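Structure at a glance
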Amino acid sequence: MQIDYEFIRRALPDIARYIPVTLKLVVVSFLISFPIGALFAWINYKKVKGLSQVVKAYMSLIRGTPVVLQIYVIYNVTPYILASIFEKMGSEINVYRLDTTWYAYLALSLSSTVTIAEALRAGLETVNKGQFEAGLSVGLSAKQALWHIVFPQALTTAMPVIGNVTVELTKATSLAFIMAVTEITGRAKIIGGSVLRYFEAYICVFILYILIIAVLEQLLKLLERKISVYRTGKHNYMSVKAI
Amino acid sequence: MLSVKDVYKSFGDNQVLKGVSFDVGEGDVVAVLGASGSGKTTLLRCLEFFEHADKGSMELDGLTVDLTTHSGKLTKQIRQKTAFVFQNYNLFNNKTALENVMLGLTVARKINKAKAKETAVAALTKVGLKDRLDYYPCELSGGQQQRVGIARALAVNPKIIYFDEPTSALDPELVGEVLDTIKQLAREGTTMVVVTHEMSFARDVATKVIYMDDGVILEQGKPDKIFTRPDNERTRKFLARYLQDFDYNI
Amino acid sequence: MQKITIEKIIYYYKGSLPALGTTFAYVIISMIIGTLIGSLIYRLKNSKYRIFRLIASLYVTVVRCTPSLVMLFLVFYGLPVLAGGEVGAWMEELPTLVFVCITFSIFIGASSSEVIRAALSAVPKGQAEAGLSVGMSNAQSFVHILLPQMLRNAMPNIGNTVILLIKEGALAYTIGLRDVMGQAYYLSGREMNAYAVSMYIALTLIYWPLTIILERLFAYIEHALTPWERKNRHKNNDDDSMRKRVVYAD
């Protein structure tokens with residue numbers, strides 16, 4: 001068998017049409033996992049009684065099981081649970097008609113929630129206690145001191161890991177086809193399968209992922225620089241070549 | 001014993017050694033003095049082939065070597081005749097005091113374990129650490145670590161030991177124990193080259209003092225001569241500053 | 001909702017557990033080959049030649065940007081095509097396990113080059129020099145001094161990688177590998193997935209404890225590998241002797 005370059009040439013634009021689906025999976029899953037991750041981080045940082053044990057158990061479970069398994073459970077079990085809940089509430093909503101993409105968002109955000117929670121907690125712990133006290137000393141309330149002083153610093157420390165989470169999340173979207181979501185990998189599987197040109201189809205996906213992630217990493221770099229400006233300084237005289 | 005000729009070394013544009021030559025006789029204790037950045041440490045590191053000199057040669061114990069050589073065989077041959085005591089001790093972190101001292105014997109020189117252990121214990125006893133044989137470096141104080149470093153150097157029975165500012169990294173109260181150990185070696189006739197800032201040590205123990213300034217040897221000779229009537233104005237100024245501090249310390 | 005029965009959970013648990021052998025097989029093989037590739041990539045990254053450095057960083061970037069599943073498919077469907085002809089035909093007959101090992105070796109090759117760099121840079125530079133100073137060769141100094149310390153530095157990463165591999169390997173059921181996941185999937189398929197939920201529970205009961213056990217195991221190995229970091233071994237000995245100046249025996 002030879003590589004069919006013509007197939008690649010035709011398939012690439014076809015598969016590329018599904019990039020928005022992939023991106024939407026990344027963005028929505030991230031938007032779900034960030035606030036929940038932040039909440040978990042706070043619970044663990046404050047060691048909230050009862051809750052922190054629950055969060056820890058959840059994190060251990062997610063870290064301890066393969067993502068595919070999590071996907072299967074979410075995809076095959078949640079509809080039943082939702083259906084029985086809706087039934088009890090007497091609701092008319094038919095969960096089996098629900099767009100499967102929602103299960104994908106949920107399933108993909110499980111792991112990133114855990115990593116974000118871990119990173120933010122570690123970030124919180126590195127913020128010097130004096131920073132909070134200094135906030136109080138100039139008359140900020142505890143909430144204000146946290147919001148304006150502590151959180152931004154914790155976020156900066158956590159930023160590299162959060163950037164990583166985004167990259168990992170992007171790669172994980174390749175599993176969404178298991179949940180009948182047609183994103184780029186799913187599309188490649190379909191058109192590759194139709195003429196038994198799997199290899200060529202996956203080469204297209206391979207190229208697209210590299211492009212997507214390369215762009216993503218550049219964006220993350222910009223964001224990181226912007227967020228950590230207080231560390232590196234705007235007026236970086238250190239970068240002036242020493243004589 | 002050791003004869004060093006015309007060593008040049010630069011890092012990028014920065015010329016650190018500009019033609020350094022000196023001789024060390026058997027049983028000599030040579031103290032190398034000089035301000036920070038005068039090239040003392042680099043000189044020592046070139047002699048041990050941690051840095052490759054741009055030019056220069058040395059003759060040690062009948063073996064003449066070009067200091068620019070990259071030959072693994074030659075450098076190993078020279079290193080088998082020498083030992084080095086580091087400023088920050090550089091004990092092998094993953095080995096106990098005893099293993100630190102034994103490794104040069106068992107691995108580098110293929111001496112059998114029992115014999116090596118005997119030698120190592122003797123060396124550690126000499127530096128007063130007989131009761132710390134199975135301690136890891138992190139369990140020892142700085143002074144103790146440096147004494148293990150000295151024992152490690154002694155054990156391989158070198159022709160010459162190089163000391164690179166052996167007390168600079170130590171807390172002031174620990175300097176004495178290490179200097180005492182080096183003094184004891186001097187009394188026993190060990191040949192040593194000691195880069196140091198300890199003026200009293202240089203004055204009382206060294207048989208020869210070398211004063212370096214900006215990559216060259218400005219002056220060398222007997223300690224009485226250098227410390228009392230140095231020929232060079234810059235040597236005088238340097239010593240005046242240090243000896244003043246030294247006097248205050250008393 | 002499907003009925004969940006203890007019997008079915010036990011059935012899937014017992015049925016899938018033996019497949020752990022396959023899981024460990026690809027983990028161990030990929031770790032070994034991957035580390036070899038990683039060492040090579042590390043060497044290339046530090047090469048004198050720009051082209052080699054470029055190749056190495058290209059490799060790492062490309063691999064890092066590729067989802068495991070896509071890489072798995074590329075290797076599984078692609079290698080026979082790329083090889084072509086008789087070799088390709090021969091490759092198509094190879095067991096799935098081979099393709100899984102190749103895929104993960106490629107991944108570990110990229111990540112381990114970074115782990116090696118970090119592990120090596122965490123060992124102080126003086127450690128190697130100290131090894132040379134007692135007369136060891138570069139290779140001896142690497143084996144006895146650097147490697148043990150690197151291994152310790154890399155241990156947390158090695159542990160993480162192994163756990164990650166076990167979980168990522170679950171993807172390989174898509175190309176028909178019978179690891180734990182694949183075996184359970186196969187068994188469930190024979191029953192038209194009528195007891196899928198019981199299967200999920202059984203799988204969770206295999207993977208979750210396994211991860212926790214491995215985490216503990218690697219923490220223990222790290223501890224066991226590093227006697228030199230246990231500060232309190234000599235707690236019963238006189239504590240303040242660390243600070244006291246020791247009076248010499250002679």
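Structure first, text after, so check above.
Residues numbered from 1 in each chain as written. Chains lettered and ligands numbered in written order. Predicted model: local features only at pLDDT ≥ 70, side-chain atom pairs only at ≥ 80, totals over all residues.

The next subject is the interface of chain B and chain C. The partner chain C presents 28 residues to the 31 residues of chain B that form the contact. Mapped by element, the contributors of at least two residues to the side of chain B that touches chain C are helix H2 (72-81), strand E6 (82-85), helix H3 (97-106) and helix H6 (172-187) of chain B. The leading source of residues in the side of chain B that touches chain C is H2(B), at 4 residues. Looking at side-chain class alone, the side of chain B that touches chain C contains 13 nonpolar, 11 polar and 7 charged residues. (Contact = placed C-beta atoms within 7 Å. Helix = DSSP H or I, 4+ residues; strand = E, 2+ residues; numbered from the N terminus. Nonpolar A, V, L, I, M, F, W, Y, C, P; charged D, E, K, R; others polar.)

Every contact between the two is made by 31 residues of chain A and, on the other side, 26 residues of chain C. Breaking the side of chain A that touches chain C down by element, the ones donating at least two residues are helix H3 (51-64), helix H4 (67-89) and helix H9 (198-227) of chain A. Of all the elements, H9(A) adds the most residues to the side of chain A that touches chain C, at 10 residues. Across the side of chain A that touches chain C, the residue classes tally to 22 nonpolar, 7 polar and 2 charged.

Judged by nonpolar contacts, the single largest core of 99 residues is most densely connected at A:Val68, A:Tyr202, A:Val205 and C:Leu203. By residue number, the principal contributor to this core is helix H5 (residues 101-126) of chain A, which donates 12 residues. In this structure, A:Tyr202 is in contact with A:Ala188, A:Gly192, C:Val70, C:Phe73, C:Leu74 and C:Tyr77, ignoring residues within four places of it in sequence. By size, the runner-up hydrophobic cluster in this structure holds 82 residues, among which are B:Val7, B:Ala53, B:Ala155 and B:Tyr162. (Core = buried A, V, L, I, M, F, W, Y, C linked by C-beta atoms within 7 Å. Buried ≥ 20, exposed ≤ 12 C-beta atoms within 10 Å, placed from the backbone.)

So, on to the sheet that holds strand E4 (residues 55-60) of chain B. All names here are of chain B. Pairing within the open sheet is antiparallel, and its 4 strands lie in the order E2-E1-E4-E5. Single-partner strands in this sheet number two, and they are strand E2 (14-24) and strand E5 (63-66). In this sheet, neighbouring strand axes are inclined to one another by 15° on average, regardless of whether the strands run parallel or antiparallel. Of the strand pairs in this sheet, E4 and E5 are connected by 4 bridges, and their pairing is antiparallel. By the bridge assignment, Met58 is partnered in E5 with Val65. Docked against the sheet, helix H1 (residues 40-47) engages strand E1 (2-11), E2 and E4, running at close to 115° with respect to E1. Contacts from H2 reach E4 and E5, with the element oriented near 130° to E5. (Pairing = 2+ DSSP bridges. Axes fitted to C-alpha atoms, helices over the stretch in contact; angles between N-to-C directions.)

Turning to the sheet that holds strand E9 (residues 208-213) of chain B, a few remarks are in order. Residues and elements named next belong to chain B. One open sheet holds the 6 strands; their spatial order is E6-E7-E8-E3-E9-E10, and the pairing between them is mixed. The sheet terminates laterally at E6 and strand E10 (216-221), the two strands that pair on one side only. Taken pair by pair, the neighbouring strands of this sheet meet at an average axis angle of 15°, ignoring direction. In this sheet, E10 lies alongside E9 in antiparallel orientation, the contact comprising 5 bridges. From the neighbouring strand, Met212 faces E10, where its bridge partner is Ile217. In this fold helix H5 (residues 142-155) packs onto E6 and strand E7 (160-164), with an angle of close to 175° to the strand it touches most, E6.

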